[in-house]
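# Observations on the model geometry
Chain residues, written in single-letter form:
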Amino acid sequence: MAKYDPEIVMEFYANAWATEEGVRDKHSWVRGQWIPFDEDAINQFLEHPLVLEKGQRCEFSQRRSQTSRFDEEAIGQLLCVPRQDFTRSVTRRRVQIMRTSMTTLTQIWMTLLLSNILPSNHNSDLPLPKCQLVYTIFTQVNVHVAQLILDAIYQFVGIMPPRHPMDPEKSNRALGFPSLIMGLFQF
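The structure reproduced in this document is the subject of the present report. In this text, all values refer to a predicted model and were calculated from it rather than measured experimentally. (Residues numbered from 1 in each chain as written. Predicted model: local features only at pLDDT ≥ 70, side-chain atom pairs only at ≥ 80, totals over all residues. Heavy atoms only, no water.)

## Comments concerning the packing of helix H1 (residues 6-14) against helix H8 (residues 178-186)
Between H1 and H8, the least distance of the axes is 10 Å, while the angle of their chain directions is 85°. Comparing the axis directions of H1 and H8 gives the class roughly perpendicular. Contacts from Ile8, Val9, Phe12 and Tyr13 of H1 reach H8 at Pro178, Ile181, Met182 and Phe185. Within the contact of H1 with H8, the residues separate by chemical class into eight nonpolar, no polar and no charged. (Axes fitted to C-alpha atoms, helices over the stretch in contact; angles between N-to-C directions. Helix = DSSP H or I, 4+ residues; strand = E, 2+ residues; numbered from the N terminus. Parallel < 35°, antiparallel > 145°, perpendicular 65-115°, else oblique. Contact = heavy atoms within 4.5 Å. Nonpolar A, V, L, I, M, F, W, Y, C, P; charged D, E, K, R; others polar.)

## A few points about the packing of helix H4 (residues 72-79) against helix H6 (residues 128-138)
Following both chains from N to C, one finds H4 and H6 inclined at 70°, their axes separated by 10 Å at the closest point. Looking at the two axes, H4 sits roughly perpendicular to H6. Each of Glu72, Ala74, Ile75, Leu78 and Leu79 in H4 lies in contact with H6, whose residues at this interface are Leu128, Cys131, Gln132, Val134, Tyr135 and Phe138. Its residues placed into classes, the contact of H4 with H6 shows nine nonpolar, one polar and one charged.

## Side note on the pattern of salt bridges
By the definition in use, this model includes five salt bridges. Aspartate 85 is the salt-bridge partner of arginine 88, the closest N and O atoms lying 3.2 Å from each other. By sharing partners, the salt bridges in this structure join Glu72, Glu73 and Arg94 into a single network. (Salt bridge = Lys/Arg side-chain N within 4 Å of Asp/Glu carboxyl O.)

## Observations concerning the sheet that holds strand S5 (residues 125-127)
Reading across from one edge, S3-S4-S5 is the order of the three strands in this open sheet, with antiparallel pairing throughout. Of all strands in the sheet, those bounded by a partner on one side alone are strand S3 (87-88) and S5. With two bridges joining them, S3 and strand S4 (residues 94-98) adopt antiparallel strand pairing. Its bridge partner lying in S4, arginine 88 is registered against arginine 94. In the packing of H6 onto the sheet, contacts are made with S4 and S5, and the angle to S5 comes to roughly 90°. (Pairing = 2+ DSSP bridges.)

## Examining H4
Three or more residues of H4 are buried, namely Ala74, Ile75, Gly76 and Leu79. Along its buried surface, H4 packs onto S4, helix H5 (104-117) and H6. (Buried < 20%, exposed > 50% of the residue type's maximum accessible area, 1.4 Å probe, protein only.)

In structure tokens form, the structure reads like this:
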């Protein structure tokens, strides 16, 4: 038996569009009912991993918005095996860490994040923003997971799906958060 109904998940994404320019609606119309997917609904479904006051941001979000942001050297030292580091752009900026350069624990967290929290079809490396998230987890800084998931849903909705190479009528993208969507639908 399937763990989720792809028809319901596709209907969720088909109807999770913004109704006004610049407004992030946080509900979708599925099978005749509104399905909320705001921070509160996701937090409730996840059994409240982090509760913040209205307007309050988690430490991870605060760090990301600071000009100094993160110590990339420290990130590389913590996430990489000895004598390995980020791959760099032609301008020498840190871009990503390849799986082969990661510690085993980093690889485990990368797999968890890219499979469950920030879905990605591409999982042979970890781009700098996702390295910052793993570093944050390793250093025990609080993270508002519901906000990360909500942002990923909006990103998923807003990006045109790549077409299947053999059948241009089909999408080549996996459905993001199918179990969460089914849980919110049943909730």
